Amino acid sequence: MSRLFFVFLVISLVSCQKEIPKSPPNVILILTDDQGYGDLGLHGNDQIETPHLDKLGQESVRLDRFYVSPLCAPTRASLLTGRYHLRTGTVSVSNGLETMAAEEYTLAELFKDNGYATAIFGKWHNGQHYPHHPLAQGFDEFVGFLGGHWTNYFDTQLEKDQRLQIVPGYLPDVLTDAALDFMQRKKDQPFFLYLPYNTPHSPHQVPDEFFDPYKQAGLSDELAAVYGMVSNIDTNVGRILQKLEELDLDENTLVIFLTDNGPNGQRYNASMKGVKGSVNEGGVRVPSFWRWKGTLAPGLLSLPSAHIDVLPTLVDLLQLDFQPKKPLDGISLAAALQGEEQLPQRAIFSQVAFPQRPLTPFPGAIRRDSLLLVYGEQEVELFDLKNDPRQQKNLASTEARLAEQLKKEYETWWQDVSGSIDLDRPIPVSDLSPEVFLPGYEAQFTSGISFFEGHGWAQDWLTGWTSQEDSISWDLDVRDANTYEVRISYTANENQVPASFSLFHGEEQLRFTLQESFRGEIIPSINRIPRKEAPEQTWNKTTVGKISLKRGRDPLILKVDSVASGGVGDIYSLELSPVK
């Protein structure tokens, strides 16, 4: 081989290598639950240790005036769709009002349509049933839970491989393990990883190694638990970032970190007014870090931005193919993130609805530049955040014309986003699902029955059933007529069996008798302060027969035909499995 030919060959090979297209960038979206703006050392909290998150923030574009919704599920719906949560059907956090319309086009569907592998590990909170399940909304893989919270963080049951199974370990660690495994398996193709951690949402459960240092520093049990949970998140985020380096993916991965609302309690929050559930600054202003090494220059951006901006920003920043099926409310921040231009002035709206009917426009808020108008049931308040970040001076009377202008703008927005909301939320029954889970906390029931914990939050159950006059029902929208095998999860003392039941759906009836007693045991967990949520306990799950469900809207009604001397026992759920 001549020397000239050899040189030509080397140049040709180098040229070919340069022409190999770079793999599309990966995206890791980390969302924490009830972590406030002030729950970071980077934001001036000298009591908390968050070295990995602080470093991530320092290596990121930090959107310092980033707004979300005051509650969990609404933030998630807006984050996934680029639309205000009320447009998506998500109104609140429970009783079906957390459900996002199946027709919404999600971030997962966007990435999947662009050739990405997609996964969610953690808290979904946008619908329990197919077609609202994450595996029906664009995600290839799911490990986690569907409701608003989980009641036990240690060695608990999670949905994995489309069935509930016990997963050993501390829940945020388990979710991180799943994420690391996914990254390892998908390292050679572009991936979108959504990691919505469940902490520091209550119950206040955290391993000793994270709790003890804060307790020994003199903090209360509650604050030591919350900060311990945040420190655990920090450790797990550090594991994610280290894995990116090990896989040589850190320069080809956009890492986004944010939280879903303000803090779940009174604690340091950079002197802002309000906590979770409030439309004031402290309830909706959260951290937002965007790190893409070599592409986005680290720095601080104080322009107003919001969860609705994430989807359109990713479309532009990553040059994704996107044909919106519905109008977006968010705008692209791509140019601003790249230091090219500032955003146009616009309004950003907030609204909070607890599980209530009818739906009302208040509490609500509109932010325009540095102005904040809080729309309450009794009054409106106007604040200039630039000169009054703590919201101590209400300008509504001295700036009455401006306050009225912003109030009308909010009311116009409210009419727009709320006009098509239907609060009637039947449970869809579809062959898409391997089983239809009908929990007690989604049931309607007569007055002799009550929730064990009281609120009917996720994982609560029904108790106190003593009379044949009482009944439990689930409002079903059967989309695929079929015969379903029925299982019931219950507890019953020896004096509560046998008990005979009838299950009705339209003209169909299934009669069965529970013969076996079963005393449920509360599964131990480390509660640093008394819990608000129902505990996790064991249940006797037994198959009771089959029933045919006809297509259409009808309640599934459970009645008791004979009551033992001690009453009926407690009911956790029914499960319906289609008979293939």
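These remarks concern the structure in this document.

Parameters at a glance
Residues numbered from 1 in each chain as written. Predicted model: local features only at pLDDT ≥ 70, side-chain atom pairs only at ≥ 80, totals over all residues. Heavy atoms only, no water. Buried < 20%, exposed > 50% of the residue type's maximum accessible area, 1.4 Å probe, protein only. Helix = DSSP H or I, 4+ residues; strand = E, 2+ residues; numbered from the N terminus. Pairing = 2+ DSSP bridges. Salt bridge = Lys/Arg side-chain N within 4 Å of Asp/Glu carboxyl O. Core = buried A, V, L, I, M, F, W, Y, C linked by side-chain atoms within 4.5 Å. Contact = heavy atoms within 4.5 Å. Axes fitted to C-alpha atoms, helices over the stretch in contact; angles between N-to-C directions.

1. Quick notes on the pairing of strand 27 (residues 570-578)
Along strand 27, nine of the nine residues are buried, which leaves the element largely enclosed by surrounding structure. When strand 17 (residues 436-439) meets strand 27, the two strands line up antiparallel, connected through four bridges. The residue bridging Phe 437 from the neighbouring strand is Glu 575, located in strand 27. As judged from the eight bridges shared by strand 22 (residues 482-491) and strand 27, these two strands associate in the antiparallel manner.

2. What to know about the side chain of Thr 75
The residue Thr 75 is located in helix 3 (residues 72-81) in this model. Among the residues examined, Thr 75 registers a relative accessible area of 0% and is labelled buried.

3. So, the pattern of salt bridges
In total, this model carries 31 salt bridges according to the counting rule given. Asp 260 is the salt-bridge partner of Arg 76, the closest N and O atoms lying 2.8 Å from each other. With Arg 76 in helix 3 and Asp 260 in the loop between strand 8 (253-259) and helix 9 (281-284), this pair connects stretches of sequence that are 184 residues apart.

4. Quick notes on the nonpolar core
Counting residues in each nonpolar core, the largest one holds 51 residues, and the members touching the most others are Phe 121, Met 183 and Leu 193. If you tally residues by element for this core, the top one is helix 8 (residues 221-246), at twelve residues. Apart from the residues lying within four places of it in its own chain, the contact partners of Leu 193 are Val 27, Ile 28, Leu 29, Ala 119, Phe 121, Ala 179, Phe 182 and Met 183. If you look at the next biggest cluster of nonpolar residues, it comprises 46 residues, including Ala 77, Trp 124, Phe 139 and Tyr 194.

5. Let's talk about unusual backbone geometry
Note that the residue after Ser 202, namely Pro 203, is joined by a cis bond; omega there is 10 degrees. Among the structural elements, Pro 203 can be located in the loop between strand 7 (191-196) and helix 7 (208-216). At the junction of Phe 362 and Pro 363, the peptide bond is cis and its omega measures out at 0 degrees in the coordinates. Tracing the chain through its elements places Pro 363 in the loop between strand 12 (347-351) and strand 13 (364-368).

6. Description of the pairing of strand 21 (residues 471-478)
Look at any regular strand and the pattern is simple: side chains alternate between the two faces of the sheet. Summarising burial for strand 21: six of the eight residues are buried, a large majority. Here three bridges tie strand 16 (residues 427-429) to strand 21, and the two strands are oriented parallel to one another. If you follow Ile 427 over to strand 21, its bridge partner there is Leu 476. Where strand 18 (residues 444-445) meets strand 21, two bridges bridge the pair, whose relative direction is antiparallel. Its bridge partner lying in strand 21, Phe 445 is registered against Ile 472. The pairing of strand 21 with strand 26 (residues 552-562) spans eight bridges and is classified as antiparallel. For Ile 472, the partnering residue across the bridge sits in strand 26 and is Leu 558.

7. A look at the sheet that holds strand 13
Strand order in the open sheet formed by four strands is 12-13-14-15, with antiparallel pairing between adjacent strands. Two strands in the sheet have a free side with no partner beyond their single neighbour: strand 12 and strand 15 (380-384). For this sheet, the mean angle separating the axes of adjacent strands, direction not counted, is 15 degrees. Sheet analysis places strand 14 (residues 371-375) next to strand 15, joined by five bridges and oriented antiparallel. Bridge pairing links Leu 372 to Phe 383 in strand 15.

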